[in-house]
Amino acid sequence: MNQPTAATILNYNLFGESGDLPDVVHCETIEARSRLHDWEFAPHRHARLHQVLLLQEGAGTVTLEGRTHRINPPSFVNIPMGIVHGFSFEPGARGQVITMAVEMLDESLRPSEGLNRILARPAVHPAPKPVMATLLEIARAFGGRDFARAHILRAHCALLLGQIAQTLAQNETTPETSDQPGLLSRFEALLETHFQDHWTVADYADALAVSPTHLSRITRTATGRPASRLIEERIIREARRNLVYTNLPVSTIAYTLGFEDPAYFSRVFSRATGLSPRAFRSRAASGPQD
């Protein structure tokens, strides 16, 4: 598979993520979408979505940040937000793709438990039976319209994330960096504590006793994005979460996130998402319901 330059990497609208707005979850089969693309997906990224792919039958390859991996069934692929990835499947491959908005991850994952660090790493792994069972149960529930569907889907997705994090943690052999093991985890912990304080990269670097350049090098190695991008993304994710899951006025959300001027917050949010906070909330509210 030919690799595009950074300037040509696309943000695809695949597997139900058109609009890039948070919903409970989206589930789609590999074969339904792959037939439309000749079983090939060029390298692309999703800005605010986390995906888990389950390959049940057939075979293929996945490219994760420029490295190509063979996928044999049954396997799952963990694809964190922002990771550049592409697929090539053998015709007839069968499986499921689960797409979750990162706002949902923020709702269900507690920073102190350490799952975020594990789930932020792309991975291909043989699928244990519990992971397969949960993925297939999500697909079944997604296809129905029973009462409490959204609640059940959220619960199953939280279980899936825990199972995947546990599986990957049990097989974790590569340190985050050769010279600063644990630095990324400490940065993420500080980010959760201080993103509302609008700390700069220099502030985080000073607290971690490293240079801003070194901190950004570590985050680029682990996530493909500099520290400044991760800081902005965390603020925007919290804004999106509040707009979707609370009824707080936009001005209150702005003040809660440390902005002194709600109008400036609206400009920052619009630049990052392409929508004003009110337009984003309106579009999210019009999404699928139970």
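Along every chain, residues carry numbers that run from 1 in the direction the sequence is written. In view of the model being predicted, local features appear only for residues whose pLDDT reaches at least 70, and side-chain atom pairs are presented and counted only at 80 or more, with totals across whole chains, interfaces and linings using the full set of residues. Hydrogens and water molecules were not included; the side-chain quantities draw on all heavy atoms of the structure.

### Some thoughts on helix 11 (residues 262-273)
- What counts as a helix is a DSSP run of H or I of at least four residues, what counts as a strand is a run of E of at least two, and both are numbered from the N terminus. Helix span is expected to be 1.5 Å times the residue number reduced by one. Its 12 residues place the ends of helix 11 16 Å apart at the C-alpha level, agreeing with the 16 Å of an ideal helix rising 1.5 Å per residue.
- Whether a residue is buried, partly exposed or exposed follows from its accessible area with a 1.4 Å probe, protein chains only, as a fraction of its type maximum: under 20%, in between, or over 50%, in that order. Taken residue by residue, helix 11 has P262, F265, S266, V268, F269 and T273 as its buried positions. Buried residues along helix 11 cover an arc of 165° about the axis, so they all sit on one side.
- If you follow the buried residues of helix 11, they end up packed against helix 9 (227-245), helix 10 (250-256) and helix 12 (277-285).
- At the C-terminal side of helix 11, G274 shows a positive phi close to 85°. By construction, the arc corresponds to the directions joining the helix axis to the C-beta atoms. Residue contacts are defined here by distance: any two heavy atoms, one from each residue, within 4.5 Å place the two residues in contact.

### Thoughts on the packing of helix 6 (residues 183-194) against helix 8 (residues 212-223)
- Orientation is described by axes fitted as lines to C-alpha atoms, over the contacting stretch for helices, and by angles from 0 to 180 degrees between their N-to-C directions. Between helix 6 and helix 8, the least distance of the axes is 10 Å, while the angle of their chain directions is 100°. Put simply, helix 6 runs roughly perpendicular to helix 8. Residues L183, L184 and F187 of helix 6 touch helix 8, and the partners they reach there are H214, L215, I218, T219 and A222.
- For this scheme, ten residues count as nonpolar: Ala, Val, Leu, Ile, Met, Phe, Trp, Tyr, Cys and Pro. Four count as charged, namely Asp, Glu, Lys and Arg, and the remainder, Gly too, count as polar. Class assignment for the residues of the contact of helix 6 with helix 8 results in 6 nonpolar, 2 polar and no charged. Angular relationships are summarised with four words: roughly parallel below 35 degrees, roughly antiparallel beyond 145, roughly perpendicular across 65 to 115, and oblique for the angles in between.

### Topic: empty space enclosed by the protein
- Cavities and pockets were defined on a 1 Å grid built from protein atoms only: a cavity is a group of points that admits a 1.4 Å probe but offers it no way out, a pocket is an open group of points flanked by protein on both sides within 12 Å along at least five of seven lines, and a lining residue is one with an atom within 4 Å of any such point. Grid points are joined across faces, edges and corners, and a volume is the space filled by probe spheres set on the points. Inspection of every chain in the model, using the stated rule, returns 1 cavity of 30 Å³ or more.
- By volume, the largest cavity is sized at about 30 Å³.
- Forming the walls of the largest cavity are R117, A120, R121, L184, A222 and T223.
- Looking at side-chain class alone, the lining of the largest cavity contains 3 nonpolar, 1 polar and 2 charged residues.

### A short note on the packing of aromatic side chains
- Each pair of aromatic rings taken from Phe, Tyr and Trp, with Trp reduced to its six-membered ring, is defined by centres within 6.5 Å and is described as stacked if the planes are under 30 degrees apart, edge-to-face if over 60, and tilted in the remaining cases. All chains considered together, the criterion is met by 7 aromatic pairs.
- Summarising the aromatic geometry, the rings of F269 and F280 are spaced 5.5 Å apart at their centres and angled 75° between planes, so their arrangement reads as edge-to-face. Here the residue F269 occupies a position in helix 11, and F280 occupies one in helix 12, the gap between them amounting to 11 residues. In this pair, the class of F269 matches that of F280, namely buried.
- Three or more aromatic residues joined by ring pairs form one cluster here, namely F259, Y264, F265, F269 and F280.
- Positioned above the aromatic ring of F195 is the side chain of R234, whose terminal nitrogen or guanidinium carbon lies 4.4 Å from the ring centre. Distance and angle both matter: a charge sits over a ring if NZ of Lys or CZ of Arg is within 6 Å of the ring centre and within 35 degrees of the ring normal.

### With respect to the confidence of the model for the protein
- Each residue carries a pLDDT value, the predictor's own confidence for that position, ranging from 0 to 100. Residues with a pLDDT of 70 or more make up 87% of the protein, whose mean pLDDT is 84.
- Of all secondary-structure elements in the protein, the lowest mean pLDDT belongs to helix 2 (residues 102-108), at 81, while strand 6 (residues 75-79) reaches the highest, 96.
- Overall, residues 1-22 carries pLDDT values under 50, and its contacts beyond four positions in sequence, including any with other chains, amount to 64 contacts.
- Here residues 173-179 is modelled with pLDDT under 50, and outside its nearest four sequence neighbours on either side it reaches 11 contacts, counting other chains as well.

### A word on the environment of L230
- By the secondary structure assignment, L230 is in helix 9.
- Taking the C-alpha atoms as reference, L230 lies 9.8 Å from R220; in sequence the two are 10 residues apart.
- The residues touching L230, leaving out its near neighbours within four places in the chain, are F187, L191, T219, T223 and R225.

### Observations regarding the side chain of T273
- Examined against the element boundaries, T273 turns out to sit in helix 11.
- We define a polar contact as two N or O atoms separated by no more than 3.5 Å, with the added condition that, inside protein, one atom must be a possible hydrogen donor and the other a possible acceptor, whereas residues neighbouring each other in sequence contribute only through side-chain atom pairs. Reaching out from T273, the side chain makes a polar contact with the backbone oxygen of F269 at a distance of 2.9 Å.
- Looking at T273, its side chain comes within polar contact range of the main-chain oxygen of L275, at 3.0 Å.
- Not counting residues up to four positions away in its chain, the partners in contact with T273 are R48, I236 and R240.

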